[in-house]
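# Chain and residue survey
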Amino acid sequence: MPRVKRSVHARKKRRKVLGQAKGYWGLKSKTYRHAKEQVEHSLVYAYRDRKAKKRNFRRLWIIRINAAARREGLSYNQLVAGLRKAEVTLDRKVLADLAVSDPAAFAKIAAQAKAALEKTEKPAKAEKPTEPELVEQAEQPEQPEQPEQQPA
């Protein structure tokens, strides 16, 4: 088996890492050993924060939609439930953009959601009697029913 000289590949690998570490402070941009470690950490941070960025934007959109929905007399969850019942398929990003840039259009969408909620609301349950009414009912003796008399 022939002998392998690694000089060219090793220099290329080190130059790549030092290129990635450009702009880092102190030895982290100058020496291979420190640069390599920092680049590895930086890639981990980048991966983690790409995921966090998505969460942060979703939170921002929800906050904006909630604020705009409350101006229209709905809470965020009522708006989303109403949109689902009205079969409006706008995502949070678009709704948040409408809430900020075009409040009139958002108001129309909120009105659709409100109408869909009102259509599907269940009828109100019969109210339970209050305590004074229960006391009055208990005090009255129950009258036995008299059979109806038929004329002969």
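Report follows, based on the coordinates. Once a new chain begins, its residue numbering starts again from 1 and follows that chain's sequence as written. With the structure being a predicted model, the display of local features is reserved for residues of pLDDT at least 70 and the display and counting of side-chain atom pairs for 80 or more, all residues being used for whole-chain, interface and lining totals. As a rule here, side-chain values come from all non-hydrogen atoms in the structure, and water together with hydrogens is ignored.

Salt bridge, as used here, is a side-chain nitrogen of Lys or Arg placed within 4 Å of a carboxyl oxygen of Asp or Glu. Counted by the stated rule, this structure contains one salt bridge. Between Asp49 and Arg48 there is a salt bridge whose closest N-O contact spans 3.0 Å. Assessed through its relative accessible area of 36%, Asp49 is described here as partly exposed. Between buried and exposed lies partly exposed: a residue is buried under 20% and exposed over 50% of the maximum accessible area for its type, with that area taken using a 1.4 Å probe on protein chains only.

Under the DSSP-based scheme used, a helix requires at least four consecutive residues in state H or I and a strand at least two consecutive residues in state E, with every element numbered from the N terminus. Locating Tyr76 in the fold gives a position in helix α3 (residues 76-85). As a C-alpha pair, Tyr76 and Arg64 span twelve residues in sequence and 9.6 Å in three-dimensional space. Residue contacts are defined here by distance: any two heavy atoms, one from each residue, within 4.5 Å place the two residues in contact. Those residues in contact with Tyr76 that sit more than four places away from it in its chain are Ile62, Ile65, Asn66 and Arg92. Separated by 2.8 Å, the side chains of Tyr76 and Arg92 make a polar contact. Pairs of N or O atoms are called polar contacts if they sit within 3.5 Å, as long as, within protein, a hydrogen donor faces a hydrogen acceptor (for residues adjacent in sequence, only side-chain-to-side-chain pairs).

What follows is about the side chain of Ser29. Tracing the backbone shows Ser29 in the loop between α1 (7-20) and α2 (32-71). Side-chain polar atoms of Ser29 contact the backbone oxygen of Tyr24, separated by 3.2 Å. Residues contacting Ser29, with those up to four places away along its chain left out, are Leu18, Ala21, Gly23 and Tyr24.

This brings us to helix α4 (residues 92-101). Because an α-helix completes one turn every 3.6 residues, residues spaced three or four positions apart along the sequence face the same direction. Turning to α4, its buried residues are Leu95, Ala96, Leu98 and Ala99. Along the axis of α4, the buried residues cluster in a sector spanning 160°; they form a single face. Opposite the buried face of α4, by more than 90 degrees, sit the exposed residues Lys93, Val100 and Ser101. Arc definition: it is the arc formed by the directions from the helix axis to the C-beta atoms.

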